[in-house]
Protein chains: 2
Amino acid sequence: MALSTAQRVADQLRDRIQGGGLPPGTQLSEEALGRDLGVSRNTLREAFRLLIHESLVVHRLNRGVFVRVPEAADVTDVYRVRAALETAGVRAAERAPWPLRQAVAEAVDRGERAAARGDWREVGSADLRFHRALAALSGSPRIDSAMDRLLAELRLAFHAMPSPRRFHEPFLPRNRALAGLLERGEYGRAEAELLTYLDDARQLILDAMRETSS
Amino acid sequence: MALSTAQRVADQLRDRIQGGGLPPGTQLSEEALGRDLGVSRNTLREAFRLLIHESLVVHRLNRGVFVRVPEAADVTDVYRVRAALETAGVRAAERAPWPLRQAVAEAVDRGERAAARGDWREVGSADLRFHRALAALSGSPRIDSAMDRLLAELRLAFHAMPSPRRFHEPFLPRNRALAGLLERGEYGRAEAELLTYLDDARQLILDAMRETSS
DNA sequence: GCTAAGATATTGTTCAACAATCCTCAAGAG
DNA sequence: CTCTTGAGGATTGTTGAACAATATCTTAGC
């Protein structure tokens, strides 16, 4: 048993949540889920703690845990933090070791290849990977895990997106351009472009959320 | 019962850890602590999860939880993240609402008043408050809680500091200067000064840690 | 239709037991 | 003497059941 049972249960729940099997707002009943997954309530609770830490679920005292429902304010805030962490990565790009810089270019390639064969789900994954690679230029483990949590949270908001293609396609050339600016050492322009980029993306998500909820 | 038992237990443990009653490296035995605090092992485990989330303790599978021992790499990394978050605050200062800007100035005053009466412990608290106020200029709840966790982690490393005065005193005028740059709208210079400031502080802590461990 | 009291269901916490894993330390092989 | 090996003991990991505390739902009364 390499991983603890609680870990494994948390992994399963994470997959179900991000796969849409447990949509936002769903209550995760301890008894029902415990019976379903074949674990005791106590172990299930330990798994819940892990997901709470990733803010995929929220815990309300004496009410239980629920799959998080992303609000507009959450999306806005996530993009604020992303702006801070990703621009920090861009500013550190000059001093970043080669593999980290390469990861950025690689994510761009990956996205374009996925788009060429029409796999828009993979395009979405590549886009997240691209932004994680940007933040990772800082070379900070804490920034890396913070980005992972932010992007996981954002993936919940993506459930409101009707068409992955319409959202991701316009950003493919922008990713390419951004990577180009970094390679050419134009860090100032890269940072400026990144900020407007993030603003645009945030606006698109907020618009989609407004439509879905109304 | 406004707070859950696990919450209360976590609060008690946090106080003991930060107060030095449970020095870094100490194992938090489930049975002994449970008997001591009068709670069951399961509840204690829930409390542990909260402290793990704050990274005050670390969990090693099948070994238990231990009060975190800050390594040099941790301090370096914490300062990397602080640089990202605090400079983001400085860059957002221009757009920040008045109360947030006022909090920065207030923290500086607080530190100087504490120094005047020789309360160096309070000077330390005021310094942390100052930096938290800088990061808070972004107006982001997630950045705020991230800073809280980073500073709590750093407080552990401060245990290696022999003299709080020698560490904090030189930074009093620098805090004042930084706040002045912000008030005068010289954001570019403020950001530059902040970066060298953080570099200096990090170096001092690393030096102290090297001495203590040897 | 509204309020209030009680019934019901769910979570919060405890307890005791057993399984799984790690650490210690001593015995034996090289 | 050093290194491996293997009990033995201690601690954590997990389970299941029980009870307490709390929130939600239902129903009676006005």
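This write-up is about the structure you can find in this document.

Basis of the calculations
Residues numbered from 1 in each chain as written. Chains lettered and ligands numbered in written order. Predicted model: local features only at pLDDT ≥ 70, side-chain atom pairs only at ≥ 80, totals over all residues. Heavy atoms only, no water. Near = heavy atom within 4 Å. Polar contact = N/O pair within 3.5 Å; in protein donor to acceptor, adjacent residues only side chain to side chain. Helix = DSSP H or I, 4+ residues; strand = E, 2+ residues; numbered from the N terminus. Salt bridge = Lys/Arg side-chain N within 4 Å of Asp/Glu carboxyl O. Buried < 20%, exposed > 50% of the residue type's maximum accessible area, 1.4 Å probe, protein only. Core = buried A, V, L, I, M, F, W, Y, C linked by side-chain atoms within 4.5 Å. Contact = heavy atoms within 4.5 Å. Nonpolar A, V, L, I, M, F, W, Y, C, P; charged D, E, K, R; others polar.

### Focus on the protein's contact with DNA strand C
Then step 1. The environment of DNA strand C is formed by 24 residues, the closest being Arg41(A), Arg45(A), Thr5(B), Asn42(B) and Thr43(B).
Then step 2. In this structure, a phosphate oxygen belonging to DNA strand C sits 3.2 Å away from a main-chain N or O atom of Asn62(A).
Then step 3. Note that a base nitrogen of DNA strand C is positioned 2.6 Å from one of the side-chain N or O atoms of Asn42(B).
Then step 4. If you list the elements that add at least two residues to the surface near DNA strand C, you get strand 1 (27–28) and helix 3 (41–53) of chain A together with helix 1 (5–19) and helix 3 (41–53) of chain B.

### Some remarks on the pattern of salt bridges
A side chain with one charge may pair with a side chain of the opposite charge, provided their charged atoms come close.
Then step 1. This structure, assessed with the given rule, holds 54 salt bridges over all chains.
Then step 2. For the salt bridge of Arg45(A) with Glu46(B), the shortest nitrogen-to-oxygen distance reads 2.6 Å. Of this pair, Arg45(A) sits in helix 3 while Glu46(B) sits in helix 3, on two different chains.
Then step 3. Linking Asp119(B) and Arg117(B) is a salt bridge whose minimum nitrogen-to-oxygen distance equals 3.8 Å.
Then step 4. Classification of Asp119(B) by relative accessible area gives partly exposed; the value is 30%.
Then step 5. Overall, Arg117(B) belongs to the exposed group, its relative accessible area being 56%.

### So, the nonpolar core
Then step 1. Counting 91 residues, the largest nonpolar core has Leu85(A), Leu134(A), Leu182(A), Ile205(A), Leu85(B), Leu182(B) and Ile205(B) as the members making the most contacts within it.
Then step 2. If we skip the residues at most four places from it in the chain, Leu85(B) touches Ala84(A), Leu85(A), Ala135(B), Ile143(B), Ala146(B), Met147(B) and Leu150(B).

### As for the protein's contact with DNA strand D
Then step 1. Not every one of the 24 residues close to DNA strand D is listed here, only the nearest: Thr5(A), Asn42(A), Thr43(A), Arg41(B) and Arg45(B).
Then step 2. Asn42(A) has a polar side-chain atom sitting 2.8 Å from a base oxygen of DNA strand D.
Then step 3. Counting residues per element, the ones that place at least two in the surface near DNA strand D are helix 1 (5–18) and helix 3 of chain A together with strand 1 (27–28) and helix 3 of chain B.
Then step 4. Of the residues that constitute the surface near DNA strand D, the class distribution is 5 nonpolar, 13 polar and 6 charged.

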